[in-house]
Amino acid sequence: MELNGIRYHVEQYGEGEPLLLLHGFTGSADTWRPLLRSWGDFRLIAVDLIGHGRTEAPKSVERYQMKQAAADLAALLDALRIEKANVLGYSMGGRLALSFAIWYPHRLRRLVLESSSPGLKTEAERRARQEADEALAQMIERNGVRAFVDYWEQLPLFATQKKLPKPVQDAIRRERLRHTERGLANSLRGMGTGVQPSWWDRLGEVKVPVLLLCGEYDEKFCRIAADMHERLPNSELVCVQKVGHAIHVEQPGIFAKIVSELIKRG
Ligand SMILES: C=C(O[C@H]1C=C[C@H](C(=O)CCC(=O)O)[C@@H](C(=O)O)[C@@H]1O)C(=O)O
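Conventions we followed
- Residues numbered from 1 in each chain as written.
- Predicted model: local features only at pLDDT ≥ 70, side-chain atom pairs only at ≥ 80, totals over all residues.
- UniProt positions renumbered as here; feature names shortened; annotations may be inferred.
- Helix = DSSP H or I, 4+ residues; strand = E, 2+ residues; numbered from the N terminus.
- Rg over C-alpha atoms; globule rule 2.2 N^0.38 Å.
- Buried ≥ 20, exposed ≤ 12 C-beta atoms within 10 Å, placed from the backbone.
- Contact = placed C-beta atoms within 7 Å.
- Arc of directions from axis to C-beta.
- Pairing = 2+ DSSP bridges.
- Axes fitted to C-alpha atoms, helices over the stretch in contact; angles between N-to-C directions.

Within an unreviewed UniProt entry, the label attached to the protein reads Putative 2-succinyl-6-hydroxy-2,4-cyclohexadiene-1-carboxylate synthase, and the organism entered is Geobacillus thermodenitrificans. The Function (unreviewed entry) comment attached to the protein in UniProt states, word for word, "Catalyzes a proton abstraction reaction that results in 2,5-elimination of pyruvate from 2-succinyl-5-enolpyruvyl-6-hydroxy-3-cyclohexene-1-carboxylate (SEPHCHC) and the formation of 2-succinyl-6-hydroxy-2,4-cyclohexadiene-1-carboxylate (SHCHC)." The record held by UniProt for the protein lists under Sequence similarities (unreviewed entry) the comment "Belongs to the AB hydrolase superfamily. MenH family."

On to the overall build of the protein. When its secondary structure is counted, the protein shows 9 helices and 9 strands. Over its C-alpha trace the protein gives a radius of gyration of 17 Å, about what one expects of a compact globule, namely 18 Å for 266 residues. Based on the C-alpha atoms only, the size of the protein along its principal axes is roughly 50 × 40 × 35 Å. A buried classification covers 44% of the 266 residues belonging to the protein. Residue pairs in contact within the protein that sit at least 24 positions apart in sequence constitute 79% of those at least 6 positions apart.

Our focus in this paragraph is helix H4 (residues 145–152). Buried residues of H4: Val 145, Phe 148 and Val 149, and no others. Down the axis of H4, the buried side of the element spans an arc of 100 degrees, and every buried residue falls inside it. Of the exposed residues in H4, those oriented more than 90 degrees away from the buried face are Arg 146 and Ala 147. Considering only its buried residues, H4 is in contact with helix H3 (123–143), helix H5 (166–177) and helix H6 (181–191).

To continue, consider the sheet that holds strand E4 (residues 17–22). Taken in spatial order, the 7 strands line up as E3-E5-E4-E6-E7-E8-E9 in an open sheet, and their pairing is mixed. Strands at the two margins of the open sheet, each flanked by one partner only, are strand E3 (9–13) and strand E9 (235–240). Each strand axis lies, on average, 15 degrees off the axis of its neighbour in the sheet, ignoring direction. Of the pairings in the sheet, the one linking strand E7 (residues 108–114) to strand E8 (residues 210–215) comprises 4 bridges and is parallel in character. Counterpart to Val 112 in the pairing with E8 is Leu 211. Sheet contacts for helix H7 (residues 219–231): E8 and E9; angle to E8, the most-contacted strand, approximately 160 degrees. Taken strand by strand, helix H9 (residues 252–264) contacts E4, strand E5 (42–48), strand E6 (85–90), E7, E8 and E9, and its axis lies near 155 degrees from that of E7.

Below, the structure is given as structure tokens:
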């Protein structure tokens, strides 16, 4: 469907409480496929975010900015005639979900943030990250998606995924390889961790119930989640044991159960 001039790939499953699913960097709506049956009593809306998968990857970096991507989500809910939705974001998708919560609080029922962050606290951190992400974007454009995926999947953040069954690892790799150089490079430049607004000082504005999820072995994002938990007025922090960054991949059953319980809690 077209949202603010961009052709988005959107998948819908089931009926009931609307649950908007936002994948991470290098992900897509396919990220959530193993979980669809677990959430059969929700109205699931899974999108390929801008520059990812089957959604358009425009040339303009500005079009990927958080403000625009959040406006696209509001347009998506309008198109689906959903006034308020539960929004679940993983990693980059969580940064977008939180940005949506700040800019469109009246469109939100509950928020689930898996292994995510509100951006970076200081201008110095943001500047350094922007430079690192620009270098990574240029590497993608110079060496191609396959070389980037080879590098990306070796990050310590994803070390625990090496213990997953080979077919699961292969599915993650196939999903990552499906993107274009322009889509990934411009996603980093437009909505990367260093370029997005920092929400650290505005977390007090998020009044809806927030479920913060992190994986025990993902120390960095567990520290971020604990800090967010201190600042959010209505949040719950769950540290899922014996998993890393991508909880929904490593323990899909536990992940689905925790999320379902939050949404059904009313
Ligand atoms: C490596 C760091 O940051 C990246 C890590 C995770 C985020 C993500 O969406 C990865 C999803 C995946 O590959 O499974 C990504 C993002 O938020 O855009 C970050 O760039 C780090 O150490 O901060």
